[in-house]
Each structure stands twice: as C-alpha cells, then as structure tokens.
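If you want the building blocks of each chain, they are given just below.
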Amino acid sequence: MIPFLDLKAQYAGIKDELDAAVLAVLGSAQYVLGDEVARFEAEFADYCGTKHAVAVNTGTSALHLALLAAGVGPGDEVVTVPFTFVASVSAICYTGATPVLVDIEPTTFTMDPERIEAAITARTKAIVPVHLYGQMADMDAINEIADRYGLAVIEDACQAHGAEYFGHRAGSMGASGCFSFYPGKNLGACGEGGIVVTSDDKQAEMLRTLRDWGQSKRYHHVVKGYNYRMDGIQGAVLRVKLRHLERWTEARRAHARRYSELLADMPHLRKPVAAVGRRHVFHVYAVRSPDRDRLRLALEAEGIQTGLHYPIPVHLQPAHADLGYVSGDFPEAEAASREVLSLPLYPEMTNEQLAIVAAALEDCLHVA
Ligand SMILES: *Cc1c(COP(=O)(O)O)cnc(C)c1O
C-alpha cells in the first residue's frame, strides 16, 4: 500500500521534539495565543521575509481577515480563480463581497494574468491569486495590473509555504499572504491553524484586532471582530516543524524531479511544469491525462492512493451557483478538473515507492 500522504511517518521522525513541545504548553497553561504562538509568528514572518505574521485558527480565517483588513466588504468585487479549494472563494463571500472568477493558465494551473483586466469593474477592490499545488502565480504581472487599478493583492499561499517567485517568498509579494496549517499542508499543525503575513504595520494591527474579537484591549471592542485565535499547542507544534520545513521541502522537490524522470517516456501523461524563476514546493504533484479516471482506478487496484485537486471547479459547485456561472465559462479550469491526478508525495517517501507508482502508471498506459 502506498498512501497519498503519511502523517504518522512525519510524526515518527520528530516525536521527541514534538512531544516535549506539546507537554511544555500543557504545563504553561498558555492554551490560546501566548508565548509559543508569538514566537512562531516572529519565526514564520522571518521565513517569509515579511515584517509581521498574525496567527489564526485556519487558513480560511486568514483569508477572511486579510480581505477585511484590506477594506473589502459588501458591494465590492474580488477577482480570483475557479480552479482552487473552495475556501478561496468562500472567504470572499464571508466579507459580503462578490467573487469574480478568471480562468487559469493550463501549464501552471494558476491565475492567467491576461484575463484579469476584462474582469475589473468600478467595484473591484482586490485580487486573490492562488499559488496552487505549491507554485506561485505570475506575481509581477498580477501586481502590475493591481498597481495600475489601485487594487489590493492578497496571496492565497495556503499550499505554498516556502515557494518563491524570482527570489521572493510566497506571502511577501502582496499586501498580505495567507497560509493554512491544516495537517496535510507542507507545514501542518496537529489540528487546525493558519496565518497572515504582511509588512504593513497598519494591516498587521488590524489583523491582530480582528482575530481577537475586535478588541484594542480587553473588553474594548473597537471593530466587529472574530474568535480566530491560534491555540498555544499549535504554535509550539508549528515552531518545531518549521525547523524541519526546508529539509522536507527539498525532499518533496527531489521526489518531484524523480517522478518527472521516471515518467519522462510517457508522452500522454503531462508532468508538472515549474515556470522560470519559480521555486515550486510541490504540495501536490499532479499529472494530467484525458484518461485520468481509468488511471486512478488502476492505481487504486495496485494499492496506490491518489488525489483529485479538484474534480469540480468552484464555479460549478452547487454552493456557488448564485454567482451565475455556467459550464463552459472557464474552459481551462474545467479541462484541468477532468484531467488532473495527484500522485502520492510526501517527504518520507522512498525512491522505491516512487518507482512503484511510476511502474504502475506505465503498465496502465500500455494497456490502453
Ligand atoms: C487548504 C486551503 C485553504 C483553506 O485552509 P484551511 O486551513 O483548511 O481553512 C484555502 N485555500 C487553499 C488553496 C487551500 O489549499
């Protein structure tokens, strides 16, 4: 059996450090925010190359607060993509603003900058590029348009911890950047977690206020806020794991290179493309094939778990039917959702496991 990811293997590798960190929080009784969360914020900001980081309870909350801190609200429009996890779009809805979708580039699966201007209206307030699978969107092109129209750029970096665009870390190129620490992400908590990074002092202050009931100080509620605070235990866990993140990321990148070598002679299988100047951190290694569903079943029969990220683009989800989009509106997102197949990929994977997956794919493609 080859699992899609193996969180038990990750835990086994850092058990002593992690256990000690969690027990220390239990003893300190700093269960919500506290010193470990504050230290993690400083360390994660440093990792991203930003001045501030504000820890919250999920990546979705991070997006919600980043949008609010950028002034997004009812009557506004926010441009994002349909080929993403639903949270990118839902967070926009939480603010009362309307998501306006634009299609993706088929090679990188990220926002196609060529399509942004046609989506901008007098109501547009912000752009939310999604760094899907661990590869940053074309940030220079997106920022150039945003600057010209006076729009805020909020990076959905929930899958892109440590990704880079010409040397700039994910999260550092927009007004703010949002990360998720859901357990399966490249940096994962032992539970839920998220963070917003920014180098803007005012945004950081507003984010801190919003995550903690809109308080300027205890029981002084200056804005309508939320209970989006990070747990102390998650702060401690994430501090331990952050120390291993670069090693894990390099392992992911090495596994991805190995997959691409092993799959090189399978012309009908399109491999992930890292665009020039971008450091892809391979949260997901997705191949593309018109025969995706058959491949998925064949691998499953061999005991190899795969994933679909994502089988239905957001504009065709019943939950977002009110946006008024129909099938055919975003052909690249729709084609990708039919063809992508995420192969098992996690740092602890062995070369033998990678070879087994590649061989199973090859067998299956030959039978076709
Ligand atoms: C995981 C994810 C989110 C949401 O993060 P949660 O921590 O699960 O709330 C948002 N956007 C993208 C692209 C994600 O992958």
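Quick caveat: nothing in here was measured; it's all calculated off a predicted structure.

A word on the overall build of the chain
Then, number 1: The number of helices and strands found in the chain is 10 helices and 14 strands.
Then, number 2: Against the compact-globule benchmark of 21 Å for 368 residues, the chain has a radius of gyration of 20 Å, which places it among compact chains.
Then, number 3: Taken over the C-alpha atoms alone, the chain extends approximately 70 × 55 × 35 Å along its principal axes.
Then, number 4: The buried share of the chain, reckoned over its 368 residues, is 56%.
Then, number 5: The long-range share in the chain, meaning contacts at least 24 apart out of those at least 6 apart in sequence, stands at 70%.
Then, number 6: Carbon and sulfur atoms provide 53% of the accessible area of the chain, an area that totals close to 15400 Å².
Then, number 7: Each charge class in the chain was averaged separately, 34 positive and 46 negative side chains, and the resulting centres sit 5 Å apart.

Describing the site of the ligand
Then, number 1: Inspection of the region around the ligand gives 15 residues, with G59, T60, Q159, S180 and K185 positioned closest.
Then, number 2: Between an oxygen atom of the ligand and a side-chain N or O atom of T60, the distance comes to 2.5 Å.
Then, number 3: Between the ligand and the protein, one listed contact pairs a nitrogen atom with a side-chain N or O atom of D156 at 2.9 Å.
Then, number 4: Protein coverage of the free-state accessible area of the ligand, which is 380 Å², stands at 93%.
Then, number 5: More than half of the atoms of the ligand fall within 2 Å of the grid points belonging to the largest pocket.
Then, number 6: The set of elements that each furnish at least two residues to the shell around the ligand consists of α3 (59-69) and α4 (87-94).
Then, number 7: When residues in the shell around the ligand are grouped by element, the largest group, three residues, is from α3.
Then, number 8: Grouping the constituent residues of the shell around the ligand by class yields five nonpolar, eight polar and two charged.

Here's the deal with the UniProt feature "modified residue: N6-(pyridoxal phosphate)lysine" (unreviewed entry) in the chain
Then, number 1: Within the UniProt annotation, "modified residue: N6-(pyridoxal phosphate)lysine" (unreviewed entry) is assigned to K185.
Then, number 2: With a relative accessible area of 16%, K185 lands in the buried category.
Then, number 3: K185 has contacts with C158, H161, S180 and H283, leaving out every residue within four places of it along the chain.

What about the layout of surface pockets?
Then, number 1: Of the pockets and cavities examined, the largest pocket occupies roughly 490 Å³.
Then, number 2: Lining of the largest pocket is provided by 27 residues; of these, F85, Y182, K185, H283 and Y310 occupy positions nearest its centre.
Then, number 3: At the level of elements, α3 and α4 are the ones that each hand at least two residues to the lining of the largest pocket.
Then, number 4: It is α3 that provides the largest number of residues to the lining of the largest pocket, a total of three residues.
Then, number 5: In this structure, the lining of the largest pocket is formed jointly by two domains, domain 1 (7-102 + 109-239) and domain 2 (245-366), each of which donates at least three residues.

What counts, and where the lines are drawn
Residues numbered from 1 in each chain as written. Predicted model: local features only at pLDDT ≥ 70, side-chain atom pairs only at ≥ 80, totals over all residues. Heavy atoms only, no water. Helix = DSSP H or I, 4+ residues; strand = E, 2+ residues; numbered from the N terminus. Rg over C-alpha atoms; globule rule 2.2 N^0.38 Å. Buried < 20%, exposed > 50% of the residue type's maximum accessible area, 1.4 Å probe, protein only. Contact = heavy atoms within 4.5 Å. Areas by Shrake-Rupley, 256 points an atom, 1.4 Å probe, with all protein chains shown as cover. Lys, Arg positive; Asp, Glu negative; His and termini not counted. Charge placed at Lys NZ, Arg CZ, Asp CG, Glu CD. Near = heavy atom within 4 Å. Polar contact = N/O pair within 3.5 Å; in protein donor to acceptor, adjacent residues only side chain to side chain. 1 Å grid on protein atoms, 1.4 Å probe; cavity = no way out; pocket = protein on both sides within 12 Å on 5 of 7 lines; lining within 4 Å. Sits in = over half its atoms within 2 Å of the grid points. Nonpolar A, V, L, I, M, F, W, Y, C, P; charged D, E, K, R; others polar. UniProt positions renumbered as here; feature names shortened; annotations may be inferred. Points joined across faces, edges and corners; volume = space filled by probe spheres on them. Domains from an automatic or database assignment.

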